[in-house]
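Coordinate inspection notes
Listed here are the chains, written in short residue letters.
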Amino acid sequence: MSTPATPPRSLAEALRHRDDVSLAALLRSRPDLITPVPTDLTQLATRAGTRGSVVRALERLDRFALQTAEALAVAADPASYDELVGLMAGDARDAAVVQALPRALATLREQALVWGADDRLRLVRTARELLAPSPQHPSPTGLGPTVAEATAGMSPGRIQEIVTAAGLPSTHDSVSAVAALTKLFTGRRRMKALLGRAPAESLEVLTRLVWGPPYGQVTAEPASHLRWLIDRGLLLPTAPGTVVLPREVALHLRAGRAHRETEPVAPVVEAKATHRPQVVDTTAAGQAYTALATVEELLKDWDEGGPTVMRAGGLSVRDLKRTAVALDVAEPVAAFWVELAYAAGLLASDGDADERYAATPALDEWLELPAAQRWARLAEAWLAGTRTSGLVGGRDAKERTLSALGPGLDRSAAPEVRHRVLGLLAGLPEGASPAAESVLARLRWERPVRGAGGAQPGPQESDDLRSRLARWTLSEAEMLGVTGRGALSAQGRALLGPRGAAAADSSTSASAPSGDSSSSSPSSPSGPGDKLPVHHHHHRPPAPPEPLSPVEQAAASAAAARLLAPLLPEPLDHVLLQADLTAVAPGPLERPLADMLDVLAEVESKGGATVYRFTPGSVRRALDAGRSASDLHDFLSAHSRTPVPQPLAYLIDDVARRHGHLRIGAASAYVRCDDDAVLSEILADKRSAGLRLRRLAPTVLAAQADPAALLEGLRAMGFAPAAESAEGDVVITRAHAHRTPPRTAPEPVPDGPPTPDATLLSAAIRAIRAGDRASTTPLKTTPSPNGDLPRTSSAETLATMQAAVLTGDTVWIGYVNAEGSASQRVIAPIRVEGGFVTAYDHTADEVRTYPLHRVTGVAELAED
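Within any chain, residue numbers begin from 1 and follow the written order of that chain's sequence. Note on the predicted model: pLDDT of at least 70 is required for a residue's local features to be given, and 80 or more for side-chain atom pairs to be given and counted; whole-chain, interface and lining totals, by contrast, use all residues. Computation of side-chain values covers all heavy atoms of the structure but excludes hydrogens and water.

1. Examining the packing of aromatic side chains
- Each pair of aromatic rings taken from Phe, Tyr and Trp, with Trp reduced to its six-membered ring, is defined by centres within 6.5 Å and is described as stacked if the planes are under 30 degrees apart, edge-to-face if over 60, and tilted in the remaining cases. In this structure the tally under the stated criterion is three aromatic pairs.
- Seen in terms of ring centroids, Y815 and Y850 are 4.8 Å apart; in terms of plane orientation they differ by 65 degrees. Their pairing is edge-to-face. Here the residue Y815 occupies a position in strand β21 (residues 811-816), and Y850 occupies one in strand β24 (residues 846-851), the gap between them amounting to 35 residues.
- Stacked on the ring of W366, the Lys or Arg R374 has its end atom at 5.5 Å from the ring centre. Numbering of helices and strands starts at the N terminus; helices are DSSP runs of H or I of at least 4 residues and strands are runs of E of at least 2. Both a distance and an angle decide whether a charge sits over a ring: NZ of Lys or CZ of Arg must be within 6 Å of the ring centre and within 35 degrees of the ring normal.

2. A short note on the pairing of strand β19 (residues 700-703)
- The pairing of strand β17 (residues 670-672) with β19 spans three bridges and is antiparallel. The residue of β19 that forms the bridge with R672 is V700.
- Pairing geometry for strand β18 (residues 693-697) and β19, over four bridges, is antiparallel. Among the inter-strand pairings, L693 is bridged to a residue of β19, identified as A703. Paired strands, as defined in this entry, are two strands with at least two bridges between them according to DSSP.

3. Describing the sheet that holds strand β12 (residues 576-578)
- The four strands are arranged β12-β13-β15-β14 in an open sheet whose pairing can be described as antiparallel. Strand pairing shows two members of the sheet lacking a second neighbour, β12 and β14 (602-605), which therefore form its edges. Along the sheet, successive strands turn relative to each other by an average axial angle of 30 degrees, direction set aside.
- Where strand β13 (residues 582-585) lies against strand β15 (residues 610-613), four bridges are found, and the strand directions are antiparallel. Along β15, the bridge assignment pairs T582 with R613. For helices, the fitted line uses only the C-alpha atoms of the stretch in contact; every axis is such a line through C-alpha atoms, and the angle between N-to-C directions lies from 0 to 180 degrees.

4. A few points about the side chain of R232
- Within the fold, R232 resides in the loop between α14 (224-231) and β4 (236-239).
- Nearest to the buried, unbridged R232 among oppositely charged side chains is D231, at 4.7 Å. Type-normalised accessible area, obtained with a 1.4 Å probe on protein chains alone, sets the label of each residue: buried when under 20%, exposed when over 50%, and partly exposed for intermediate values. Just so you know, the count uses Lys and Arg for positive and Asp and Glu for negative, and it drops His and the chain ends. Any Lys or Arg side-chain nitrogen found within 4 Å of a carboxyl oxygen on Asp or Glu counts as a salt bridge.

5. Side note on the side chain of E339
- As for its placement among the helices and strands, E339 is situated in helix α18 (residues 331-343).
- Residue E339 is classed as buried on the basis of its relative accessible area, which comes to 4%.
- Residue contacts are defined here by distance: any two heavy atoms, one from each residue, within 4.5 Å place the two residues in contact. When neighbours within four sequence positions are excluded, E339 is seen to be in contact with R387, S389, A404, L405, G406 and L409.

Rendered as structure tokens:
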């Protein structure tokens, strides 16, 4: 980077002195500045000073960097580095603050919030307006207005009275009087002498106001101790009945400190407990297996069509409760699993007239993957998703209840917080679980919460969104198996990728300033020819890791799956049949076996081993699905490590013998049976009255109920009828899976413009440099008064281009493309022929060809 001969007079000039590395760091930390790419550095500086961009930049500062900006907002404009050190470190010159201040100042400079040499530090105007004290927006420092600001509307006579009461000689004008009063209040020795004469009650009033808020109420006739302060300007009136403590007085009472407490070093994330890494990994793997089983059970429960979609979108409270009961979890946990399946693209609304939630076609593909890869898909969707299940049950800005799968659950900060929390866990020793409060304290330091008025909440603040997201991340990571016993597992560490794991190391190093910072920090104002502190690269904090690209994230997920795979139990191909009509699955079952058991038996209990119970209804369900008794006997014999118990064989044979003995078809509906005694028994049963049966023949009964109602009615009476088709064949009633049309997973809501990659940054910087060169390089021709490009005729344009080809000069042109968009370009013509000019375009950094008729004008650039 070149050293300027004179200090910069504007932010644009300061940016002009930066090298490409420094500009790239600015654009990477504030991506909104290149959306779209500015035409030159002046436009970049203008955009960097807009309110929206400055607010976003301030929100991304750590606590100490923000405190440094707040101190500059109450300092003189411009301020010297020594003045800033005094405001941050106080008269005692706190060593930790002095050591950390260069890093904070480098951060502010890098993000174009501060510019200027050490003797003329300037906070950008918009940031000063946002952070400076005012009655409407109190400063986080608790300071009030300066003496000059507080006396702006005061009469000259009253100002002279204050000067005289303070023991100063009267002056000829108000400006010199205010200057004399300011000099008194900023002089430590003279101010100490003045306060030494103050009544004790007056000093007590100053003590109550010194750390803010600086405003107080007084009556029309103040007490004597208040009158003593008002007469000497130690309290100045701002409105009827209101006084304020001037900034200079407060700083004297604070020993020069702008903040009551400065936090130069990030809080350390403390370990609450330490476990063996193998225990952490196996515990996390068990949670991962449970997570897969829960999601599969949820989707299986909705396989034939799930709950209906509310008119406003989402699940109703009743449906969420039913889902929670079916999964045997609490409602907030059920909302998490539902949202996770939605984020992974495994369920969605079907879009039918009576819209319902159902599994997507992606479910069938997902179920075919190995268990570890299925988990990696879920974990990746959770890590990158912006939908936040923790908000379910809360209310939005319009006081509407937020429902699972409904609108209003996206929080763009969620992915960044999840990555950061896991990154902090990765910075702990392997097997260490963090104290949750220390994680929250670290996050609050990295991104302090700023109130609407700029007020800074204290460390006890726990209701901000980032803190809630962090708490939810810790619990969700445990449920998902990313952590085990609160510590980050090996598969969770791999899920972050190499750059994510490195983030913890960089943040740790950033929180502890290097030992040589104090020796190399500026301690005196720089001269006009001194280098700007932006050159101090050793003070620049480590840059946050860039987000993983889709390819890198896929590789990280694959690595996590490889680490998890050996820890998951292998699927079993057998069960243990018991004499009490139950079957015990000692572990996860292979999919065909599990699917068949779900039809043939009822799940009685879950856990490390799943217990299935065989009932007449479950056996009849298998027969209705097209299985014969012999099929069921063969299936159980093939998959049981124990002999098939006799009670179970009798149950299957007994249900099969009665299954289909009665036949129901569609006339209106009829029942036929070869045994007329059975039909007589049905007619004699009082429970059949609602079916309105009558005998048509010895073996046939007719009913006025429809076939489905007749089928259910006879089953309720204890019979086992089978439906038959019009041809007399038994109708097999298999459950048909309901799938939505192809659906894509919901796209995360971005948190502002995406971080530009290296290619985009390089191209943007080249374009900005070229545009700046075009706008600042002197022309050989006289520019028009309004700054437009010189208008040249076709002949002049052609002649200038041809001359530039011969001399190798660079020219500045105006160009209008086919869409009518005008731009300025700096080109070096190579050849001119056929109505086209081929030139090296410095703006695009490549050779391009332009039609001459679209060139509005051309001007030669002055030689250096």
